[in-house]
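# Structure at a glance
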Amino acid sequence: MRYDVTEFSVIGDGKTNNTKAIEVLIQRVRENSGGTLYFPCGKYVTGSVRLFSNMGIYLDAGAVILGSTDYADYPKITQEVAPGYTRDTYRALITAFSAENIFIEGNGKIDGRGSAWWHKTHDTARPRAIQPILCKNVRISEITVENSPCWTVHPMCCENVTIDGITIKNPYDSPNTDGINPESSRNVRISNCCVDVGDDCITIKSGTEDDDLQKKFPCENITVTNCTMIHGHGGVVIGSEMSGGIKNVVISNCVFQNTDRGIRVKTRRKRGGYMKDIIVSNIIMENILAGITVNEYYSCGADPNDTFLFSDEKMPPTADTPEISGISLSNITGRNIKGVGMYMYGLPEKPISNVRMSNIDFEVTGSNEGINAVSSIGRKKSFGEGIFLENARDIIMTNMHIQCSKKKYELKHCERVQINGEML
């Protein structure tokens, strides 16, 4: 059944706060076993909206949901609605907890009005735009989402998620405004999307060592296809939250333009978990700082005085040592790469392993702004290089075409590396 929200005291004048009116309507829809909240053309101000099972939102052309700028309209996420959740964060603008068969679709827009929150630069407790938690059968399609206070679309601990044909636009300098972040979720399909944001465009995660809920679930069976990424710190990113494990990821037929990195993998000691069976193919990158990066010394959020995390020495491996293996990279073209074509910087106690690369065509120009791409891991000397590998093994590269101003290949502490049929 469809419920026109304007028939239930919801006013689309861009000024009236509709939080309470929408809550009352949702309770009515819930009592009637579900239905569609239909928003016709208009601008609807609201705080956090919670969907329940068999319920969804349809935004007609010209309909805009405007996030309230009153912090009181966003309650904190509690153990009551998300058992085991330990992050101190506000509820999303559109959220759901332990619900099934929910959707957000249409030709309209969600505007999180994140500028009211962005001054809290390092406070990732800010609301997401859309965040289903512990949900099944979620569909988000065709809508536009912009100006998210923090991460934009964030399915967490969900199963069977489809995100298709959406557009995300956050200012390039807005903090932590990732585009689409499936976390500790399985069977996720992301397709036909355009993402232009102030942080990573699409990021695949499974919680940190301190996330009691997320680290219980691997992020698995994830496909990203036919998407365009513009700006952002990374096109498609894996980690750094990986304590629950990440596996069976396919990234294909995508374009990255003006992103800092193209494919970006990041983690560090003590995080634990694994990343394995990742396939990347048919990618075009243009005007980026680094094409492909794998960094097991990721420093953001870490204690800079923790010498264990960042030591180059071989440490005793533990259950909290992350593992990266089984990466396939093929048919990737990079033009005007300003920093480094590719670097993989593994741990000496557990090197990156089993990597296959084929049909890689990189043009590394090595312009000055590209230094930022390599300085974050203390590898400034790889600036301008084609491919840099350290602490890696069982690597096979075929049909490699690398143009760069410095070394095409630099290897340190690597074992069993084959380049264009020659074993090094």
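See above for the structure.
Residues numbered from 1 in each chain as written. Predicted model: local features only at pLDDT ≥ 70, side-chain atom pairs only at ≥ 80, totals over all residues. Heavy atoms only, no water.

Either a parallel or an antiparallel arrangement is found when strands of a sheet pair, and the pairing is made through backbone hydrogen bonds. With respect to topology, 3 strands assemble into an open sheet ordered β5-β8-β11, the strand pairing being parallel. Two strands in the sheet have a free side with no partner beyond their single neighbour: β5 (49–51) and β11 (130–133). Across this sheet, the average inter-strand angle for adjacent strands is 20 degrees, counted without regard to direction. Of the pairings in the sheet, the one linking β5 to strand β8 (residues 94–97) comprises 3 bridges and is parallel in character. Among the inter-strand pairings, Val49 is bridged to a residue of β8, identified as Ile94. (Pairing = 2+ DSSP bridges. Helix = DSSP H or I, 4+ residues; strand = E, 2+ residues; numbered from the N terminus. Axes fitted to C-alpha atoms, helices over the stretch in contact; angles between N-to-C directions.)

Tallied over the entire structure, the rule returns 18 salt bridges. Arg87 serves as the salt-bridge partner of Glu183, at 2.7 Å between the closest nitrogen and oxygen. One end of the pair, Glu183, is in the loop between β15 (167–169) and β16 (186–191); the other, Arg87, is in the loop between β7 (63–67) and β8, and 96 residues separate them in sequence. A relative accessible area of 0% places Glu183 in the buried class. You can call Arg87 buried: its relative accessible area is 16%. The residue Lys205 makes a salt bridge to Glu241 at a minimum N-O spacing of 2.7 Å. Of this pair, Lys205 sits in the loop between β18 (202–204) and β19 (219–225) while Glu241 sits in the loop between β21 (234–239) and β22 (246–257), and the two are 36 residues apart along the sequence. Just as Lys205 is buried, Glu241 falls in that class too. (Salt bridge = Lys/Arg side-chain N within 4 Å of Asp/Glu carboxyl O. Buried < 20%, exposed > 50% of the residue type's maximum accessible area, 1.4 Å probe, protein only.)

Below, the discussion takes up the layout of surface pockets. In this structure, the largest pocket encloses a volume near 1,100 Å³. Lining of the largest pocket is provided by 43 residues; of these, Ser240, Glu241, Tyr298, Cys300 and Gly301 occupy positions nearest its centre. The biggest single contributor to the lining of the largest pocket is strand β23 (residues 261–266), with 4 residues. Its residues placed into classes, the lining of the largest pocket shows 10 nonpolar, 13 polar and 20 charged. Quantified by volume, the second largest pocket comes out at close to 280 Å³. For the second largest pocket, the lining is made up of 14 residues, of which Thr19, Glu23, Ser48, Pro75 and Arg91 are closest to its centre. Counting residues per element, the ones that place at least two in the lining of the second largest pocket are α1 (19–31) and β5. Tallying contributions element by element places α1 first for the lining of the second largest pocket, with 5 residues. In the lining of the second largest pocket, the residues fall into 6 nonpolar, 3 polar and 5 charged. (1 Å grid on protein atoms, 1.4 Å probe; cavity = no way out; pocket = protein on both sides within 12 Å on 5 of 7 lines; lining within 4 Å. Points joined across faces, edges and corners; volume = space filled by probe spheres on them. Nonpolar A, V, L, I, M, F, W, Y, C, P; charged D, E, K, R; others polar.)

Attention now goes to the pairing of strand β3 (residues 35–39). Most of β3 sits out of view: 5 of its 5 residues are buried. As paired elements, strand β1 (residues 2–4) and β3 share 3 bridges and run parallel to each other. When the sheet's bridge partners are listed, Arg2 is paired in β3 with Thr36. Here 5 bridges tie β3 to strand β6 (residues 55–59), and the two strands are oriented parallel to one another. Bridging from a neighbouring strand, Gly35 pairs with Met55 of β6.

This part takes up the pairing of strand β24 (residues 274–295). Where β22 lies against β24, 10 bridges are found, and the strand directions are parallel. Considered in β24, the bridge of Gln257 is made with Glu286. Relative to strand β25 (residues 323–345), β24 is paired through 17 bridges, and the arrangement is parallel. Within β25, the position partnered with Ile278 by the bridge is Ile327.

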